[in-house]
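Per-entry structural report
Residues per chain are reported as follows:
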Amino acid sequence: DIQMTQSPSTLSASVGDRVTITCRASQSISSWLAWYQQKPGKAPKFLIYKASILESGVPARFSGSGSGTEFTLTISSLQPDDFATYYCQQYKSYLYTFGQGTKLEIK
Amino acid sequence: QVQLQESGPGLVNPSQTLSLTCTVSGGSISSGSYHWSWIRQPAGKGLEWIGHIYTSGGTNYNPSLKSRVTISVDTSKNQFSLKLSSVTAADTAVYYCARDLVSSGGGFDYWGQGTLVTVSS
């Protein structure tokens, strides 16, 4: 199995801050990585695929980067709607795995 | 706009089989190069991929669940289904169905709203 590890597990930030979430894979996954945003009681929302391609309709303040084993999700200027839990997911192998999640809280 | 909707019993007895159906609307389940996945999330925990089915009927399952899982598709009803046998309390979770963009960049772009399945007598 390819293990995905996110850091930090919890992140406290303020509106307007720039924040970065890291996702590390236990082996190289090239750029086969997606990011999701999940709010309580809701299904995850698709944000980014192939590590850096923004899904249609996702605000440009979200960006993704990385390849191989290390990836980042950056939100350039936090908005109130961005406080949620974020998950990375690899799809290099047909045992898709997710990171454990990063909860982004209001400071 | 593609929409997915899970349906099925919200309560299943231990040792029985959990059965859920995902109905796809706004597009044909047979069109495009998509796979159709099931994903679950225990309360307060992360996401676990259960498996997926191609429209040709081929499947891939999470090895940790493979011996208990069957995913099938009914293209005439635009539905795909999940069966998980010999359930225990550990299978209590919100179950999501999702469209898998396997040949179009990857990732799950459309999700159902999720359905809570509780395993309890």
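Rules and cut-offs
Residues numbered from 1 in each chain as written. Chains lettered and ligands numbered in written order. Predicted model: local features only at pLDDT ≥ 70, side-chain atom pairs only at ≥ 80, totals over all residues. Heavy atoms only, no water. Salt bridge = Lys/Arg side-chain N within 4 Å of Asp/Glu carboxyl O. Helix = DSSP H or I, 4+ residues; strand = E, 2+ residues; numbered from the N terminus. Buried < 20%, exposed > 50% of the residue type's maximum accessible area, 1.4 Å probe, protein only. Contact = heavy atoms within 4.5 Å. Buried area = accessible area lost by both parts, 1.4 Å probe. Nonpolar A, V, L, I, M, F, W, Y, C, P; charged D, E, K, R; others polar. Pairing = 2+ DSSP bridges. Axes fitted to C-alpha atoms, helices over the stretch in contact; angles between N-to-C directions.

Take the pattern of salt bridges next. Under the criterion given, the structure shown has 8 salt bridges over all chains. In this structure, the salt-bridge partner of E70 of chain A is R24 of chain A, at a minimum N-O distance of 3.1 Å. A residue pair is termed long-range when its members are at least 10 positions apart, and E70 of chain A in strand 8 (residues 70-75) and R24 of chain A in strand 3 (residues 19-25) qualify at 46 residues. Classification of E70 of chain A as partly exposed rests on a relative accessible area of 39%. With relative accessibility at 39%, the residue R24 of chain A sits in the partly exposed group. One salt bridge in this structure joins E48 of chain B and R40 of chain B, with 2.7 Å as the shortest N-O distance. A relative accessible area of 24% means that E48 of chain B is categorised as partly exposed. Given a relative accessible area of 6%, R40 of chain B falls into the buried group.

Attention now moves to unusual backbone geometry. Trans is the common state for peptide bonds, and a negative phi is the common state for residues other than glycine. Residue P8 of chain A is reached from S7 of chain A by a cis peptide bond, and omega for that bond is -5°. Looking at the element boundaries, P8 of chain A is found in the loop between strand 1 (4-7) and strand 2 (10-13). Unusually for a residue other than glycine, K50 of chain A sits at a positive phi of about 45°. Its location among the elements puts K50 of chain A in the loop between strand 5 (45-49) and strand 6 (53-54). Although it is not a glycine, N78 of chain B adopts a positive phi angle of roughly 55°. The residue N78 of chain B is located in the loop between strand 7 (69-74) and strand 8 (79-84) in this model.

Moving on: the interface of chain A and chain B. On the side of chain B, 26 residues touch chain A, which itself brings 18 residues to the contact. For the chain A and chain B pair, buried surface summed over both sides reaches about 1600 Å², with 64% attributable to carbon and sulfur atoms. Among the residues of chain A in contact with chain B, Y94, Y96 and F98 of chain A are the three that bury the most area, contributing 39% of the side total. Inspection of the region where chain A meets chain B yields 0 salt bridges. Broken down by element, the side of chain A that touches chain B gets its largest block of residues, 3 residues, from strand 4 (residues 33-38) of chain A. Tallied by class, residues from the side of chain A that touches chain B come to 13 nonpolar, 2 polar and 3 charged.

On to the pairing of strand 7 (residues 62-67) of chain A. Residue and element names in this part refer to chain A. Here strand 7 runs beside strand 8; their pairing, made up of 6 bridges, is antiparallel. Bridge pairing links S67 to E70 in strand 8. Between strand 7 and the antiparallel strand that follows it, strand 8, lie 2 residues; G68 among them carries a positive phi value of about 80°.

Residues and elements named next belong to chain A. Here strand 9 (residues 85-90) lies mainly inside the structure; 6 of its 6 residues are buried. Relative to strand 9, strand 4 is paired through 6 bridges, and the arrangement is antiparallel. Bridged to L33 within strand 9 is Q90. One ladder, built from 2 bridges, connects strand 9 with strand 11 (residues 102-106); its direction is antiparallel.

Next up on the list: the sheet that holds strand 3 of chain A. All names here are of chain A. Read across the sheet, 4 strands follow the order 1-3-8-7 without closing on themselves; strand pairing throughout is antiparallel. If you trace the sheet from one side to the other, it starts and ends with strand 1 and strand 7, each paired once. Taking each pair of neighbouring strands and ignoring which way they run, the sheet shows an average axis angle of 20°. Both strand 3 and strand 8 contribute to a ladder of 6 bridges, which runs antiparallel. If you follow T20 over to strand 8, its bridge partner there is T74.

Bear in mind that shape data such as this cannot, by itself, settle questions of function.
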